[in-house]
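Structural characterization, general
Spelled out from the first residue to the last, the chains are:
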Amino acid sequence: MRFPPSFLDDIRARVTISSVVGRRVAWDRRKTNAGKGDYWACCPFHAEKTPSFHVEDHKGRYHCFGCKASGDIFTFLVEKEGLSFPESVERLAGDAGLPMPVVSEDEVKRGELRAGLYEVMELAARYFEDELQSARGARARGYLSDRQISPAIQVEFRLGFATESRSALRSFLAQKGVSVEQMAEAGLVISGDDVPVAYDRFRDRVMFPIRDPRGKVVGFGGRALGSDALAKYLNSPETPLFHKGHLLYNLDKARASAYETGSVIAVEGYIDAIAMHRAGFPNVVAPLGTALTSEQLSLLWRMAAEPVLCFDGDQAGVKAAHRALDLALPLLKPGYSLKFALLPEGQDPDDLLRTGGASEVKTVIDAAMPLSEMLWRRALADNDRATPERKASFENDLRTQIVAIGDETVRRHYLAEMKDRLGRLFQSEPRGRGRQPRKPQAFQARGPGKSPFRAWDMHLPPSLELKSKQNAAGAPAGSGLREAQIVLAFLIHPGLLHEFLDEFADLELNSRDLDSLRTQIIDVAALEPALDGAGLRGHLLKRGLASLLDRIELQAGRLNQWFLRSGAAHIDARTGLSQMMALHRKTITLSSALKVAEAALAADPTEENLEALNAIREQLSSHAGAEAMIHGFGSASGRPADAIT
């Protein structure tokens, strides 16, 4: 029986080699370093008195220096317990909590397709590498030199260059026997019924190959060299190989170092990751130009219990830190959290390395604050505490965030710590003179104090009734309508893509139809950046999307969102879109927290777990519509200021 390589990789990622081998051997306490995933024992395959059998979790391998037995988790069960390979896969899939795949003819064909796409991506990577070192790559090499990326580092990270030509890569791959269909499947060219001749997706860009954990190229990130490009950074689209929310840049190179040191650093971009690696921080990774996802957080936690997120020292960096905080809260568990390192304002890791060197970066990393401190500082900055009512609002806001934590033990400790902090804060502030909200970078650390604030003690009604705010598809109520409105905003106002392309490309959409339509919109806009709404719609109609367009326009039109109409001023369309996207991201985060809270209540129906669930429900309900009032909104379109609908 054949198993998809991705399925076997999922098992290896979830089941450590030490947990499998440990059932059959006794670890030698003197030589074993469990904290680094390094284990020694007497060999189970031959008799010996001195431990020479070595197991490494970060490699997923075992090796005996005596009898030379070697293998992975599957090999161990086959060789030691006499299982067949399919039986070993079935047993370990059960340990990993993964259902066995049904390998149909279609699955076999998809496996063959993936194998072929790996070859195509490798050909493309080599082509881009050669172009960078050619005469045509001089400008790209100049850009990399300006960023202090030496030729040796270029080779190590397999950096490349895509020329301005619309057909250079396509022609090269065609000469190698690659069909246009394969190129499109790999995300290397853009094609469609309204595209007479398929053309290269990446043009005039420095190319960063993105590799999977095994080191195989599965996608690319391209940094534009021209100032008029639609997006400064452009990633490969979703393909059978490339799922950017499930990958981390430099993961294959950083894993070994992360396991050895017990720490991993996540920075914001490709250049930052390369700069950190160059400066002596090999345990560094980066999301793929996106906000951190739950899958990426799981990857980080497999390498270290408390990953350090290193963000740029500007408002965008602080916002990114806050998004990561909201993502992590429902997923926290005993021993696993995050740390946040905020760089000096206006600097990214590459900037700081140039001005202060590796020692300055190390100082920032070593001073990274725990998640609890980041949560507290954000609450201080976001809330005015000048009156008793505002203090109550501040307290309620902080508590509502904490009850989103899925693990009851972690949640209880957070509630206790924040209760102490509140007591210390309110005792130190003169009555009626609570501090005003501050800018995020102006935070100052505060230590926990002692105060018996009864407001944080649990006194809840006995009802344990569950009423989920989610629909049958698992999406939060109302999220489908907002998704349609967001996509419609780009359809009617394509100019917004210049400002929101990355956010739009990374936005989590529950609707497959809308997700597909988003890809089509971005592809068409890349072809003709100056398109207006009518022109964009015309291209999409040629691609057979008339029914879908009519449906979302009718659905979104029912709410009469005037800023989605073609006559709305650009500034109002931009404001309305920004508000909808922020609410959508928050709803997705809360929806994830709701699932965790429901599972916790089902497993342990306590009043505390019910309170946590109800608090998340209440927040979800408050995000059902665009409730914010924005000063001046609508005035540019000739409507009453502050109108939100």
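Below is a summary of the structure that appears in this document.

Quick notes on the rules
- Residues numbered from 1 in each chain as written.
- Predicted model: local features only at pLDDT ≥ 70, side-chain atom pairs only at ≥ 80, totals over all residues.
- Heavy atoms only, no water.
- Helix = DSSP H or I, 4+ residues; strand = E, 2+ residues; numbered from the N terminus.
- Buried < 20%, exposed > 50% of the residue type's maximum accessible area, 1.4 Å probe, protein only.
- Contact = heavy atoms within 4.5 Å.
- Areas by Shrake-Rupley, 256 points an atom, 1.4 Å probe, with all protein chains shown as cover.
- Pairing = 2+ DSSP bridges.
- Axes fitted to C-alpha atoms, helices over the stretch in contact; angles between N-to-C directions.
- Polar contact = N/O pair within 3.5 Å; in protein donor to acceptor, adjacent residues only side chain to side chain.
- Parallel < 35°, antiparallel > 145°, perpendicular 65-115°, else oblique.
- Left-handed = near helix turned anticlockwise from the far one by under 90°.
- Nonpolar A, V, L, I, M, F, W, Y, C, P; charged D, E, K, R; others polar.
- Arc of directions from axis to C-beta.
- Disulfide = S-S within 2.5 Å.
- Phe/Tyr/Trp six-rings, centres within 6.5 Å; stacked < 30°, edge-to-face > 60°.
- Lys NZ or Arg CZ within 6 Å of the ring centre and 35° of its normal.
- Core = buried A, V, L, I, M, F, W, Y, C linked by side-chain atoms within 4.5 Å.

**Digging into the overall build of the protein**
- In terms of helices and strands, the protein carries 24 helices and 15 strands.
- Each of the 645 residues in the protein was classed as buried or not, and the buried ones make up 50%.
- Pairs at least 24 apart in sequence give 68% of the contacts found in the protein among residues at least 6 apart.
- As displayed, the protein offers around 29,300 Å² of accessible surface, 50% of which is attributable to carbon and sulfur atoms.

**Regarding the sheet that holds strand S2 (residues 53-56)**
- Across the sheet, four strands lie side by side as S1-S2-S3-S4; this open sheet has antiparallel pairing. Both edges of this open sheet fall to strand S1 (38-41) and strand S4 (70-71), since each of them pairs with a single strand only.
- Where strand S3 (residues 61-64) lies against S4, two bridges are found, and the strand directions are antiparallel. When the sheet's bridge partners are listed, Tyr62 is paired in S4 with Gly71.
- Contacting S2, S3 and S4, helix H3 (residues 73-81) runs over the sheet at an angle of about 50 degrees to S3.

**Some thoughts on the side chain of Thr400**
- Take Thr400: it is sitting in helix H16 (residues 388-402).
- From its side chain, Thr400 meets the backbone oxygen of Asn396 in a polar contact 2.7 Å long.

**Brief notes about the packing of helix H13 (residues 315-328) against helix H15 (residues 371-382)**
- Their axes nearest at 11 Å, the elements H13 and H15 cross at an angle of 120 degrees. Comparing their axes, H15 and H13 come out oblique. Crossing handedness for the pair H13 and H15: left-handed. Counting all contacts with H13, which are made through Ala321, His322, Leu325, Asp326 and Ala328, the residues of H15 involved are Leu371, Met374, Leu375 and Arg378.
- For the contact of H13 with H15, the residue count by class is six nonpolar, one polar and two charged.

**Observations concerning helix H21 (residues 533-542)**
- Burial in H21 covers these residues: Gly533, Leu536, His539 and Leu540. Relative to the axis of H21, the buried residues are bounded by an arc of 130 degrees and lie together on one face. Along H21, the residues that are exposed and aim more than 90 degrees away from the buried face are Ala534 and Lys542.
- The first or second residue beyond H21 is Gly544, which carries a positive phi of 75 degrees.

**Focus on the state of the cysteines**
- All told, the structure shown has zero disulfides when counted by the stated rule.
- Here Cys64 is not disulfide-linked; the sulfur of Cys43 is the nearest cysteine sulfur, at 3.6 Å.
- Of the residues examined, Cys64 reaches a relative accessible area of 0% and is grouped as buried.
- The structure places no disulfide on Cys67, whose sulfur is separated from the nearest cysteine sulfur, that of Cys64, by 3.7 Å.

**Considering the side chain of Thr239**
- Relative to the elements of secondary structure, Thr239 occurs in the loop between strand S10 (233-235) and helix H10 (251-261).
- There is a polar contact of 2.9 Å between the side chain of Thr239 and the backbone nitrogen of Phe242.
- In contact with Thr239, other than residues within four places in its own chain, are Glu185, Ala186, Gly187 and Val218.

**Some details on the packing of aromatic side chains**
- Here the structure, examined in full by the defined rule, presents 22 aromatic pairs.
- Look at Trp27 and Tyr39: their rings are 4.7 Å apart centre to centre, the planes differ by 45 degrees, and that puts the pair in the tilted class. Of the two residues, Trp27 sits in the loop between helix H2 (17-21) and S1 while Tyr39 sits in strand S1, which places them twelve residues apart along the sequence.
- With centroids separated by 5.2 Å and ring planes inclined at 85 degrees, the aromatic side chains of Phe128 and Phe220 adopt a geometry described as edge-to-face. Within this pair, whereas Phe128 is found in helix H5 (residues 105-133), its partner Phe220 is found in strand S9 (residues 217-224), the two being separated by 92 residues in sequence. Each of the two residues, Phe128 as well as Phe220, counts as buried.
- Sitting above the plane of the Tyr118 ring, Lys216 keeps its charged end 4.7 Å from the centroid.
- Geometry around Phe394 places Arg385 over its ring, the cationic atom sitting 5.2 Å from the centre.

**Description of the nonpolar core**
- In this structure, Leu159, Leu188, Phe220 and Tyr249 are the most contacted members of the largest nonpolar core, which totals 63 residues.
- When residues of this core are assigned to their parent elements, the largest contribution, nine residues, is made by H5.
- Residues within four places of Leu159 in sequence aside, it is in contact with Glu129, Leu132, Leu144, Ile149, Gln154, Met207, Phe208, Pro209, Tyr249 and Ile274.
- By size, the runner-up hydrophobic cluster in this structure holds 44 residues, among which are Leu297, Met303, Leu371 and Leu422.

**A closer look at the sheet that holds strand S5 (residues 160-162)**
- Spatially, the four strands line up as an open sheet ordered S5-S8-S9-S10, and their pairing is antiparallel. This sheet does not close on itself; its edge strands, each paired only once, are S5 and S10. This sheet shows a mean twist of 35 degrees between the axes of neighbouring strands, independent of strand direction.
- As defined by bridge partners, S9 adjoins S10 across three bridges and the pair is classed as antiparallel. In the sheet register, Gly222 faces S10, and the bridge partner there is Leu234.

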